[in-house]
Amino acid sequence: MSVLEKTRAPEKPTAPREPRVTDEHGRRVRVWELALRYVLLLAVLALTIGPFLWQLSTSLKGPTEDIYSSPPTFLPGDPTLHNYERVADTIPVWDYALNSLKVATANVVTNCVGSALAGYALARLRYRGRRVATLAFILAMLVPVEGIIIAQFTTMRELGLNNTLIGVVLPGCIGAMNVLLMRNAFLNLPYEIEEAAFVDGANVWQRFLRIALPSVKGTLAVVAIFAFMGAWDDFLWPLIVLSDPSRFTLTIGLNYLHGTFAGDERLVAAGTIIAVAPLIALFACLQRYFFRGVGEGAVKG
């Protein structure tokens, strides 16, 4: 054995390192803090998803199953779709859903187009009264719907649009909140990009359609989701302006279902799931753009 091998100190075995958990900023997160976060997230998830799962479970239970058992059972013993068939046999639910789809689709189109145009004008164009127009949209958000609903009904009656789906769509075709959302998204865009396009000879419409609008797809998806949800879930205004049962939207039809068959919770739960399903499908299709709305206006390399 050489002298170097004799004098070399024996190496101590290194203890295995504990896994390090960090947040998005690289800071270390303690184990108990991480566990507390997950407990809070699970509690919020239970509060938000729990009622929907309960309604879904109730809609799938047969007439022989007890929906008021203690402790409650979420999983149906004998799942059945008979409750959904009963909803369709009791009320023309698919006709009501088609009317709601027409109203919601028209509301999405008008809000996306109108809010994008108005938001671009408030954010990027220079003209007198721009600040006053912005203030007008902000003040419009402060007015409750109940305070102007009589004026809206009178206006629809004078226009001859009572008891029509156009009368349902028209008052909410452009929302003040959606206009301000688009305005803030357009404000985050660098002015240098538009100035370069202006030097290249692009007019206002070309700058809006080819530069500004493709950069705010996330906010546009947010506007589309909010507009669809607002029109699909609206109950008060369609109830006031519509009188023909063939033009009823789904919310009014389900209220009739609940009022007539309030004792049959399975039927009410099935109707509720029918009403919620399109909202879930829409969000599932647009969620990628929805979560991108936070970082709108960033320059992409």
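Heads up: the structure comes first, above all this text.
Just so you know, the residues in each chain are numbered from 1, in the order the chain's sequence is written. Reporting of local features is limited, given that this is a predicted model, to residues whose pLDDT is at least 70; pairs of side-chain atoms are given and counted only at 80 or more, and all residues count toward the totals for whole chains, interfaces and linings. Excluding hydrogens and water, the side-chain values take into account all heavy atoms of the structure.

1. Observations concerning the overall build of the protein chain
So, point 1. Every helix listed is a DSSP run of H or I at least four residues long, and every strand listed is a run of E at least two residues long, numbered separately from the N terminus. Secondary structure summary: the protein chain contains 14 helices and zero strands in total.
So, point 2. Here the protein chain, with 301 residues, has 32% of them falling under the buried criterion.
So, point 3. Within the protein chain, contacts between residues separated by at least 24 positions form 72% of all contacts whose residues are at least 6 apart in sequence.
So, point 4. The Shrake-Rupley method, run with a 1.4 Å probe sphere, supplies the accessible areas, and residue values consider only the shown protein chains as cover. Accessible area for the protein chain stands at about 19,500 Å²; split by element, carbon and sulfur atoms hold 65% of it. Here the term buried applies to any residue with accessible area under 20% of the maximum for its type, exposed to any over 50%, and partly exposed to those in between, with areas from a 1.4 Å probe on protein chains only. Only heavy atoms enter the contact rule, under which two residues are in contact if any of them lie within 4.5 Å.

2. So, the pattern of salt bridges
Charged atoms that come close allow side chains of opposite charge to pair.
So, point 1. The term salt bridge refers to a pairing of a side-chain nitrogen on Lys or Arg with a carboxyl oxygen on Asp or Glu at a separation within 4 Å. This model, assessed by the stated rule, comprises three salt bridges.
So, point 2. Across the pair Arg207 and Glu194 runs a salt bridge, and its minimum N-O distance is 3.4 Å. Here Arg207 is found in helix α10 (residues 204-212), whereas its partner Glu194 is found in helix α9 (residues 191-199), with 13 residues between them in sequence.
So, point 3. Judged by its relative accessible area of 9%, Glu194 is buried.
So, point 4. Linking Asp244 and Arg247 is a salt bridge whose minimum nitrogen-to-oxygen distance equals 3.1 Å.
So, point 5. Residue Arg247 is classed as partly exposed on the basis of its relative accessible area of 33%.

3. Focus: the packing of aromatic side chains
So, point 1. When two rings of Phe, Tyr or Trp (its six-membered ring) have centres within 6.5 Å they constitute a pair, described as stacked for plane angles under 30 degrees, edge-to-face for angles over 60, and tilted for the intermediate range. Tallying each qualifying case throughout the model produces six aromatic pairs.
So, point 2. An angle of 45° between the planes, with centres 6.3 Å apart, marks the rings of Tyr96 and Phe248 as tilted. In this pair, Tyr96 sits in helix α4 (residues 93-124) while Phe248 sits in the loop between α12 (236-241) and α13 (250-260), placing the two residues 152 residues apart along the sequence.
So, point 3. For Tyr96, a relative accessible area of 8% translates into the label buried.
So, point 4. Note on Phe248: relative accessible area 18%, which makes it buried.
So, point 5. Geometrically, a charge over a ring is one whose NZ (Lys) or CZ (Arg) sits within 6 Å of the ring centre while staying within 35 degrees of the ring normal. Sitting over the ring of Trp54, Lys61 keeps its end group 5.3 Å from the ring centre.

4. Considering the layout of surface pockets
So, point 1. Detection works on a 1 Å grid of protein atoms alone, calling trapped sets that fit a 1.4 Å probe cavities and calling open sets with protein on both sides within 12 Å along at least five of seven lines pockets, with lining residues defined by an atom within 4 Å of a point. Grid points are joined across faces, edges and corners, and a volume is the space filled by probe spheres set on the points. Empty space within the largest pocket amounts to approximately 850 Å³.
So, point 2. Along its surface, the largest pocket is lined by 32 residues, and Val145, Pro171, Gly172, Ile174 and Gly175 are the ones closest to its centre.
So, point 3. Counting only elements with at least two residues in the lining of the largest pocket, the list comes to α4, α5 (130-142), α6 (145-159), α7 (165-169), α8 (176-187), α11 (217-233) and α12.
So, point 4. Residues are grouped as follows: Ala, Val, Leu, Ile, Met, Phe, Trp, Tyr, Cys and Pro are nonpolar; Asp, Glu, Lys and Arg are charged; every other residue, Gly included, is polar. Grouping the amino acids of the lining of the largest pocket by side-chain chemistry returns 23 nonpolar, seven polar and two charged.

5. Points about the side chain of Asn99
So, point 1. In this fold, Asn99 is placed in helix α4.
So, point 2. We define a polar contact as two N or O atoms separated by no more than 3.5 Å, with the added condition that, inside protein, one atom must be a possible hydrogen donor and the other a possible acceptor, whereas residues neighbouring each other in sequence contribute only through side-chain atom pairs. Among the polar contacts listed, one links the side chain of Asn99 to the backbone oxygen of Ser246, at a separation of 3.1 Å.

6. Thoughts on the nonpolar core
Considering soluble globular proteins, one finds that nonpolar side chains tend to be buried as a cluster.
So, point 1. Nonpolar cores are built from buried Ala, Val, Leu, Ile, Met, Phe, Trp, Tyr and Cys residues. Side-chain atoms within 4.5 Å join them into one set. Ranked by size, the top nonpolar core spans 46 residues in total, and within it Phe186, Trp232 and Leu250 carry the most contacts.
So, point 2. Sorting elements by how many residues they give to this core places α4 first, with 10 residues.
So, point 3. In this structure, Phe186 is in contact with Ala116, Gly119, Tyr120, Ala123, Arg124, Phe208, Ala212, Leu213 and Val216, ignoring residues within four places of it in sequence.

7. Overview of α11
So, point 1. Helix span, as expected, comes to 1.5 Å for every residue beyond the first. In this model, α11 (17 residues) spans 24 Å end to end at C-alpha, consistent with the 24 Å of a helix rising 1.5 Å per residue.
So, point 2. Turning to α11, its buried residues are Gly218, Thr219, Ala221, Val222, Val223, Ala224, Ile225, Ala227, Phe228, Ala231 and Trp232.

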